[in-house]
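A look at the structure
Residues per chain, in single letters:
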Amino acid sequence: MTIALDDLEQQCWECQGSGRLPAVDGERKDGERTAGERVCPKCGGKGVVLTALGQTLLDFIRRHL
Ligand SMILES: [Zn+2]
């Protein structure tokens, strides 16, 4: 079985991989805010989100480290 990186993570669909979203006026949410933009809450600023397979693998690795 071969696992490709694309099987483990995918580009965040909220921010299109940038990790940032335009700040919304009047929005009050937790999280870092910079002028005009905020960290994408979906991916936490990484620009990628784990797939189910990626999450499983990460859980496995953490358990056995
Ligand atoms: Zn994102």
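Here the residue numbers are simple positions, counted from 1 along each chain's written sequence. Two thresholds apply to this predicted model, a pLDDT of at least 70 for residue-level local features and 80 or more for giving and counting side-chain atom pairs, whereas whole-chain, interface and lining totals are computed over all residues. Side-chain numbers here rest on the full set of heavy atoms in the structure, without hydrogens or water.

Points about the overall build of the protein chain
We apply this condition: The helix and strand labels rest on DSSP assignments: H or I over at least four residues marks a helix, E over at least two residues marks a strand, and numbering proceeds from the N terminus. Under the scheme applied here, a residue whose accessible area is under 20% of the maximum for its type counts as buried, over 50% as exposed, and between as partly exposed, the area being computed with a 1.4 Å probe on protein chains only. Pairs of residues are marked as contacts when any of their non-hydrogen atoms sit within 4.5 Å. Each accessible area value is a Shrake-Rupley result obtained with a 1.4 Å probe; residue values ignore everything except the protein chains displayed when judging cover.
The number of helices and strands found in the protein chain is two helices and five strands. Secondary structure elements of the protein chain occur, N-terminal to C-terminal, as α-β-β-β-β-β-α. When the 65 residues of the protein chain are sorted by exposure, 22% land in the buried category. Looking at the protein chain alone, contacts between residues at least 24 apart form 53% of all its contacts between residues at least 6 apart. Roughly 5100 Å² of accessible area belongs to the protein chain as shown, and the carbon and sulfur atoms make up 52% of that amount.

Describing the coordination of the zinc ion
Let me state the cut-off plainly: For Na, K and Ca the donor cut-off is 3.2 Å; for every other metal, N, O and S atoms count as donors within 2.8 Å. Water does not enter the count, which can leave sites looking incomplete. Sites are called tetrahedral only when four donors show all angles between 85 and 135 degrees, square planar or octahedral only when four or six donors show opposite pairs over 155 degrees and all other angles between 65 and 115, and irregular in any remaining case.
The protein atoms donating to the zinc ion are Cys 12 (SG), Cys 15 (SG), Cys 40 (SG) and Cys 43 (SG), with metal-donor distances spanning 2.3 Å. Relative to the metal, the four donor atoms surrounding the zinc ion lie at angles of 104 to 115°, and the coordination shape comes out tetrahedral. Positions of the donor residues of the zinc ion along the chain correspond to the pattern C-x2-C-x24-C-x2-C. Of the residues examined, Cys 15 reaches a relative accessible area of 6% and is grouped as buried.

Structural notes on the nonpolar core
Which entries qualify depends on this criterion: The definition of a nonpolar core used throughout is a set of buried Ala, Val, Leu, Ile, Met, Phe, Trp, Tyr and Cys residues joined through side-chain atoms within 4.5 Å.
With six residues, the main nonpolar core is built from Cys 12, Cys 15, Leu 21, Cys 40, Cys 43 and Val 49. The residues touching Cys 43, leaving out its near neighbours within four places in the chain, are Cys 12, Cys 15, Gly 19, Val 48 and Val 49.

What about the side chain of Arg 38?
To keep things clear, this is the line we draw: For the purposes of these results, a polar contact is taken to be a pair of N or O atoms within 3.5 Å, where, inside protein, one atom must be able to donate a hydrogen and its partner to accept one; residues adjacent in sequence count only when each atom of the pair is a side-chain atom.
By the element assignment, Arg 38 lies in strand β4 (residues 37-39). A polar side-chain atom of Arg 38 sits 3.5 Å from the main-chain carbonyl oxygen of Pro 22.

So, a nonpolar patch on the surface
Using the following cut-off: Each patch is built from residues that are more than 30% exposed by relative accessible area and take part in no salt bridge. Like charges join if they lie within 9 Å; nonpolar side chains (Val, Leu, Ile, Met, Phe, Trp, Tyr) join within 5 Å. The salt bridge criterion pairs a side-chain nitrogen of Lys or Arg with a carboxyl oxygen of Asp or Glu, the two atoms within 4 Å.
A contiguous nonpolar surface patch, about 770 Å² in accessible area, is contributed by Met 1, Ile 3, Leu 53, Leu 57, Phe 60, Ile 61 and Leu 65. Along the chain, Phe 60 falls in helix α2 (residues 52-64).

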